[in-house]
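Chains, contacts and geometry: an overview
The primary structure of each chain is shown beneath.
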Amino acid sequence: MSIAWSGFDQGANFVASEGTLDSSTNSQTGTLNVKSGAVTKDRTYTCTVTSKTFTESASKANDVLLNVFDITVHSKEVSTGTSTTLSCVVSDITQSVSITWKSDGVPVVNGNDVTAKSGDFSASSQKATIEIKSAVADRNFVCEVKSNELQSSETASKPVDIFVYSVTAGNTEVKIGSPATITCTIKNIASKNGIKVVWKEGDKTVSDNIVTTDVEGKQQKSKLSMQNPQTDKVFTCVISSTDYAGSEPFSKEVNLKVYGVEAKSAEVKSGTETTVSCVISGLEVALKGVAWLHNGNALTGDGYKETLTSLAAGSQTAKLLVKGSHVTEDKDYTCRVTSGEYELSPTQDTVVKLNIYGVKPVHKDAFKGTTTVLSCEITGLTEKAKVVWKKGQETVSGSVEGELSKNTQISTLTVSGPAEDAEYACVVTSGQFSSSPASTTPVMLDVYSLEVFSKEVKVTTETTISCKISESKKLMKISWSGFTAGDNFVETSGSYEPSSKSQTGTLKVKSDAVQQDRTYTCTVTSIDNPSSAEKPSDVKLNVFTLTLPEIQAKAGTDVVFTCTASFITQAVTFAWYKGEEKVESDVVTKQFSEDKQISELTVKSVVQGNTEYSCTAKSTEFPSSSAGSVTSKLRVFGLVTKGDEVPVKTDASISCTATGVSQDSKIEWFDQTTKLTTGGAYTVTKSKPANDVLLITLNIAAASVTADKDFTCIVTADEQTDQKEIGKLNTYSITKTSHDVPAGETSTLTCSVSGVAANDIDLIWVASDKKEYREPSNDDNYTVVEGKLNGGSQTSTLTVSGEITKKDDQVFTCRVTIGAQKQHVDTAIPLKVFSVSTEGDAVQSGSSASLTCSVTKPTDTLSVAWYNGNQLMAGTSKTTEANKITVTELTLASQVEDSTYTCKVSGDKEYSFTASVEINDLSLKPAEVSRIFTGTKLTLTCSYISTTISEGSFSWIFNEKACDTAACRSPANTAKTSKLTLTVDESTAGSWRCSFDKKSGNKVIRSNAVTVTAVSLKGTQEPQSLWGVVGAAAKVTCAVPIGLTQSTLSDIKWTLDGNAISEAGAGFNKKNEVVQFAFTEGDSSTTSWKSVISFTHSLTAVGTLQCQALYSPERTVTIPSTHINVITLKSNLDSVVITPTAGAVVTFTSQSNTKPTTDTQFTSGTAEIQSTKEDAIPDSDGKLFTEIIKFSSSASKVTNADELTRKEYTYTYRINKGLPTQIVLSGKAFLIGETFAESTVWTTIGARAKITVHFTALESSSVAVVWQQKNKEDSSWKDTSSEGHSTILSHMDDKGVMAATIIIDKTEDSDITEYRAQVQIAGFKETTPAVKLAAVGAEVSKVNPVFEKDSVPFSATITGPSKPSSVFVVHEDSGKEESVGLSGVSSSSPFQVTHSKNSVFYSSQGSYHFKIAFESGLEYETSTVQLVVKKKCRPLTTPPNTELKEEDITDSNNYKIVVTCTNDSHVIMDESLKEVTCDTSTGTYDKTTLTPCLRTIEPTD
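Everything in this summary refers to the structure shown in the same document. (Residues numbered from 1 in each chain as written. Predicted model: local features only at pLDDT ≥ 70, side-chain atom pairs only at ≥ 80, totals over all residues. Heavy atoms only, no water.)

Quick word on the overall build of the protein
Along the backbone of the protein there are two helices and 137 strands. In terms of overall size, the protein is more extended than a compact globule, its C-alpha atoms giving a radius of gyration of 66 Å where 1501 residues would be expected to give roughly 35 Å. By principal-axis analysis of the C-alpha atoms, the protein measures approximately 220 × 160 × 70 Å. Here the protein holds 1501 residues, and 41% of them are scored as buried. Pairs at least 24 residues apart make up 62% of the contacts formed inside the protein by residues separated by at least 6 positions. Here the protein contributes 142 positively and 175 negatively charged side chains, and the mean placements of these two sets differ by 3 Å. (Helix = DSSP H or I, 4+ residues; strand = E, 2+ residues; numbered from the N terminus. Rg over C-alpha atoms; globule rule 2.2 N^0.38 Å. Buried < 20%, exposed > 50% of the residue type's maximum accessible area, 1.4 Å probe, protein only. Contact = heavy atoms within 4.5 Å. Lys, Arg positive; Asp, Glu negative; His and termini not counted. Charge placed at Lys NZ, Arg CZ, Asp CG, Glu CD.)

Here it is as structure tokens:
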């Protein structure tokens, strides 16, 4: 069939088809495809069917409707979490349509998050919606619409999108007044031109200081900035979609919070450990942290400690503890606060100042009593400081605070009339930051005394006068004046003697300058404290003359020496000497008169020979002066022998002296005719001849001294008669006699001398106490009978009284001096004393009795026996043994009456001693010994125990004497008893007896003795001060009385600081710290009980240890306490950092009761004592001893950087070395700051240069480097500028080595100089060696033009770090390089290189330069040199009669050809063609025709 369509205009928008016959269904479908461009409104088209087979068949026309509806959708762009509704509106419909919502091709199922609705038909439209409760992400929906009216209609659809963006609030928290920025960040934006952001504060729109970025990567950020926020604020950023109208706007709150930061700055003394802080207030949430910085760098190392308090009342405080080693200069620290509430908040910096001032104490040394001004100089101040002066804890008057001038304030303290050393304190408080801690600086006032020692000496006597400083603590300077310096004066300042705290300065005046009285001045000046006042004192040197004329006399006459001292101011003390022996007899010294005094010596019967006599005179005005001396000779001629008289068998010596003899004289001893020499019994000694004197001595051994003997001294000389003199040896014997005597008996000692040849013997007796006794004796206890010399014999006796023999054995000396001999012979004679004691017995009637006789320490053998009258008692005889005790006992049975017996001791004499038996019925109680506490009542009871009562009376005996005290006069008596009540004390302590006086028989009987001992209410506790090192064992012993008659020791308790020590030994000190003790019993006796408490010394075992004794009945015994303490040693630092130029000090403090010895060892370097100090410990007998040691070490030689390493040394400080109280502290010293740098670094002008120095450091964070450059004009150093320079600081390697590098971006001529680095390391500053920056240079020689095929040399002189490793000549036009041979080039700069280029061509010309490389990698290209290659012009034809010459053209590379005639008769034909020029750049002539020469033809007539 034919299906045709109508109702439209033919065109591209319509495509009609009649279809094809489907035979299976016998159907055919025709279609009209209406393109979208024509689907704009409802239309009716006509489909007409016509038979193709039966053409006459009627056509069938049918209307076909095309209804058009419109779909409108509204996509949205909303914020995350927004509830919104998307819509799809179908319009221009006649009835409802079917609307389906799909997502990802699947119909949307209603659920918790999405509700889809198709909507209702109304007014030609239908609106379908999809409700989204909370948008979370972008999502695509499709709204599909299908007609219900025309079911065959296609389904229409439109996409509907929801775009979801996220908004992040950039809340911030900043410091009040600091610029702040808050932000809104919007991500996943769909709007192509971005979203719209509006800022509001409350209802007010903010328009200023807002920056919103363009959309990029679907993201935008809007910023709101404020310059000076003062309070918390809440802003709202309102976001609206720009591409999707109808999208709900979104509002986001953004918070701006502020907090306050108060800087707590400080101003303190250099080296003071200090805390600065920041107080952060107005917080709601605790801070994340606070960091401290300096110069933008975080603080590291152990020099700082940072703390942050917890949040309280909206506030936190950040503290920075800066240790003393870092408090050396003003520093601005930065307190960097990080918000804890909003993590994106910027950190906020606040500067906290730590300003440093220095305090320089001006110590003074002052002469005692001199008003002195102390001062302290405070430097580095910005405001006036408050200053007070203290002594101990008390503020002292007399101070001036001082005014601030040029950052310095000087405060003074005037001390009037100081009498002793004192330590004052200058206490400084910052005026800039009043809350800063005050600093205390000790200022010492040391007081000294001065004593001068003037002298008075003989003229021209070298003498030393002196000044002595005492009570001083240190070395002072003593200078002398009052003379012209020269060889005659030697002054010394003296050395300090710590033991005596003294120093003596001396002025030695040489003999030439000791001519007259002079006054010199010694001036004392302080060395350590040079501003102290000087102390001058006058010292006198008075001069006198001394004369003594010589005397010449003959033997046997008397002479008088006269010694005269002149120019003296008062009497002097004279002394006379004969040779070296002092002469004291026959001297007469006259009174001082005017300025003179005379002393005379009479020498009687002078002996032949020359004798020197000396007279000395010593000042009495200045006793420390040396004596002046003058010597004179007594000349007497002759020969003298000196014999000897000695006991037999005693060494003897005789001598012979010849005076006034000649040089050739000889002297010998003879035994009759035999000359004696040394050997056997004889020793002959000759002195060397001197002063015309010969002396010979003959010593005779004791074995040969048996009898008197004469020897002959013979002096011989040439041409002179021998002179002889007999020397006599006389001998004698001494015998002694001594016998035992009882102590208390008179004893006579005998000393007999026989065989004496002399006419006189002096016998004296010498007791053990060195006292001498002779006849007559002035002591009644000693009687001497010297006897008379008769026939060469004499006997002397010494009788000593019983008082002497009571003193037990003694030894007396019989001292024998024969004739005029000066030596004596001593013979010891013992006084032999023995003691005899007898003991009787007192018994009751009918009892047996026992008597004893004891002989003690006899020397002789004695017999001992008991006698009754003259009758020997059988069995009682005994013989004594030397030095032993012999006891003889007599026992008597059944005694009924009193009786007496005799003990006889027989030796040289017989001595009798009695003992009695006494019938005694009297008894005294209590016990024989009563030990009673002082002040206690004691009753003594005396009883008559006989069965019969005797009439009589009682009496009392105290210490064996009748007692006549009030108590003794009125005892409580009965017929048989007497009771005496005593108060025991020192006056009643002793031996008590009672006696009974019987009327019948007039007999007195005495009781036994009772000894009453008064015991003091005191104990002992030793030691009373006990110090020891930690770990040392210690003990204290407490001793208290026991063995008491009326009191019993019940217990001993111990306390520590008043706290009882438990039985287990636990005690508590003042700080309630536990101290463990142990108890043991000491070495007690019957009268003393000892309790020992022991412990181990520790830091807690400190306090007062007290022993307490408890008695029954209760008595109070006083016992001293013991102070226990521990010897300690500590230092302020465990390690120090030193550099080669700066040492470090460590303060060592020990506590002890005595000053310890100290010893410091340092493994490398020096350890020097800087100061010592001694302070008392409050409430203790101990002291604090402080010693400051400075450790320093020099740099070692480093030849390369690999040798550098941070050095670690060990120091050891020890007290009491080698003693049980030794304590050792060790520490580390780190040597940093050693440097190494190459002496020269090479670069090239215009190139980048790098200079590196190496140094050792402790840690990298404390390192700062400043580079300096040396000025070429004045050689001064200045810091390098940052322009064109940059610096690099390396990390620290494992050897502690760092490198600092300066980079010069482009080296210029002005950069070629020396450089050095100033390295700040851990508070130290070290300067590295200078490094010379040198530039590689080259001077290229000029190249002369050459013709093609010639060779050309290129040469250059190169200055550089080493011989080049390679050199090339470079042709710049072609780039071709030719290697330059380097063999033969010297190895030291400058280097001369040459390269020859053979057969050059025109193409070779152009610019050339040298390219130079060095082993170090340094490369350098020289300036260029121009090579000109010339072309030769072809040869020319020589014109007739000519020759051609080639000539150079000045200042040109060209040359010319010149024509000359070969014969003088010829001439140039054409002067213009005489020469041509060759242009060497082209090889062509400027013309090619040359003139010939023509012969000249003379004209003819």
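Here the narrative resumes.
Remarks on the nonpolar core
Within the largest apolar cluster, 45 residues are counted, with the highest numbers of intra-cluster contacts made by Trp-765, Leu-798, Phe-812, Val-816, Leu-851, Trp-866 and Val-905. Looking at this core, the element that brings in the most residues is strand 84 (residues 910–919), giving five residues. In this structure Val-816 touches Tyr-732, Ile-734, Val-753, Ile-761, Asp-762, Leu-763, His-824 and Val-825, once residues within four positions along its chain are discounted. With 25 residues, the next largest nonpolar core counts Val-1346, Val-1400, Ile-1412 and Phe-1414 among its residues. (Core = buried A, V, L, I, M, F, W, Y, C linked by side-chain atoms within 4.5 Å.)

Some thoughts on a nonpolar patch on the surface
The grouping of Val-1467, Met-1469 and Leu-1494 at the surface amounts to a nonpolar patch, some 260 Å² of accessible area in total. Mapped onto the secondary structure, Met-1469 falls in the loop between strand 134 (1466–1468) and strand 135 (1475–1479). (Patch = residues over 30% accessible without salt bridge, like charges linked within 9 Å, V, L, I, M, F, W, Y side chains within 5 Å. Areas by Shrake-Rupley, 256 points an atom, 1.4 Å probe, with all protein chains shown as cover. Salt bridge = Lys/Arg side-chain N within 4 Å of Asp/Glu carboxyl O.)

Section: the packing of aromatic side chains
This structure, assessed with the given rule, holds 26 aromatic pairs. Taking 6.0 Å as the distance between ring centres and 80° as the angle between the ring planes, the aromatic pair formed by Tyr-682 and Phe-711 counts as edge-to-face. Here Tyr-682, found in strand 64 (residues 682–686), pairs with Phe-711, found in strand 66 (residues 709–716); they are 29 residues apart in sequence, far enough to count as distant. Residue classification places Tyr-682 among the buried residues on the basis of a relative accessible area of 16%. Taking the relative accessible area as the measure of exposure, Phe-711 reaches 1% and is therefore buried. (Phe/Tyr/Trp six-rings, centres within 6.5 Å; stacked < 30°, edge-to-face > 60°.)

Points about the sheet that holds strand 122 (residues 1337–1340)
Spatially, three strands are ordered 122-124-127 in an open sheet, and the strand pairing comes out antiparallel. Lying at the two open borders of the sheet, with one neighbouring strand each, are strand 122 and strand 127 (1391–1397). Within this sheet the neighbouring strands show an average axis-to-axis angle of 20°, counted without direction. Bridge analysis of strand 122 against strand 124 (residues 1352–1359) gives four bridges, and the strand direction is antiparallel. Of the residues in strand 124, the one forming a bridge with Glu-1339 is Thr-1357. (Pairing = 2+ DSSP bridges. Axes fitted to C-alpha atoms, helices over the stretch in contact; angles between N-to-C directions.)

Comments concerning a negative patch on the surface
There is a patch of like negative charges on the surface, built from Glu-1372, Asp-1373, Glu-1419 and Glu-1421. Within the secondary structure layout, Glu-1419 lies in strand 129 (residues 1419–1421). By relative accessible area, Glu-1419 is classed as exposed at 58%.

Structural notes on the side chain of Ser-566
Turning to its location among the elements, Ser-566 is positioned in strand 52 (residues 559–566). With residues near it in sequence (within four places) discarded, Ser-566 still touches Phe-544, Thr-545, Asp-595 and Lys-596.

Let's talk about the layout of surface pockets
Considered as a void within the structure, the second largest pocket measures approximately 1500 Å³ in volume. Together, 47 residues line the second largest pocket, and Lys-578, Val-607, Val-640, Lys-642 and Lys-822 are the ones closest to its centre. Across the lining of the second largest pocket, the residue classes break down as 15 nonpolar, 19 polar and 13 charged. (1 Å grid on protein atoms, 1.4 Å probe; cavity = no way out; pocket = protein on both sides within 12 Å on 5 of 7 lines; lining within 4 Å. Points joined across faces, edges and corners; volume = space filled by probe spheres on them. Nonpolar A, V, L, I, M, F, W, Y, C, P; charged D, E, K, R; others polar.)

Thoughts on the state of the cysteines
Evaluation of the coordinates by the stated rule reveals 13 disulfides. Across a sulfur-sulfur distance of 1.8 Å, Cys-184 and Cys-237 are joined as a disulfide pair. Taking the sign of the S-S torsion, about -85° here, the bridge from Cys-184 to Cys-237 comes out left-handed. Here the residue Cys-184 occupies a position in strand 19 (residues 180–187), and Cys-237 occupies one in strand 24 (residues 233–240), the gap between them amounting to 53 residues. Cys-1038 shares a disulfide with Cys-1107; S-S distance 2.1 Å. Its S-S torsion of approximately -70° makes the covalent link between Cys-1038 and Cys-1107 left-handed. In this pair, Cys-1038 is assigned in strand 97 (residues 1033–1041) and Cys-1107 in strand 103 (residues 1103–1112), connecting sequence segments 69 residues apart. (Disulfide = S-S within 2.5 Å.)

Some thoughts on the pairing of strand 91 (residues 977–983)
Side chains of strand 91 alternate between two faces, with Ser-978, Leu-980 and Leu-982 buried and Thr-977, Lys-979, Thr-981 and Thr-983 left unburied. Two strands pair when backbone bridges link them, and strand 90 (residues 972–973) and strand 91 are joined in this way by two bridges, in the antiparallel orientation. By the bridge assignment, Ala-972 is partnered in strand 91 with Lys-979. Where strand 90 folds back onto strand 91 in an antiparallel hairpin, the turn is made up of three residues.

Some words on the pattern of salt bridges
Summed over all chains, the structure comprises 44 salt bridges. Residue Lys-264 pairs with Glu-262 through a salt bridge whose shortest N-O separation is 3.2 Å. Judged by its relative accessible area of 34%, Lys-264 is partly exposed. Exposure remark for Glu-262: the relative accessible area of 43% places this residue in the partly exposed category.

Side note on unusual backbone geometry
Residue Pro-776 is bonded to the preceding Glu-775 through a cis peptide linkage, with omega at -5°. Of the consecutive residues Ser-1389 and Pro-1390, the connecting peptide bond is found in the cis state with omega at 0°. Relative to the helices and strands, Pro-1390 resides in the loop between strand 126 (1376–1379) and strand 127. Despite not being glycine, Asn-295 shows a phi value in the positive range, around 55°. Residue classification places Asn-295 among the exposed positions, given a relative accessible area of 64%.

Things to note about the sheet that holds strand 118 (residues 1297–1304)
The four strands lie next to each other as 112-114-118-117, forming an open sheet whose pairing is antiparallel. Every interior strand has two partners, whereas the edge strands, strand 112 (1235–1237) and strand 117 (1285–1289), have only one. Averaged over neighbouring strand pairs, the angle between their axes works out to 20° when direction is ignored. As paired strands, strand 114 (residues 1249–1256) and strand 118 are joined by eight bridges and run antiparallel to one another.

Limitation: the analysis is restricted to geometry and does not speak to function.
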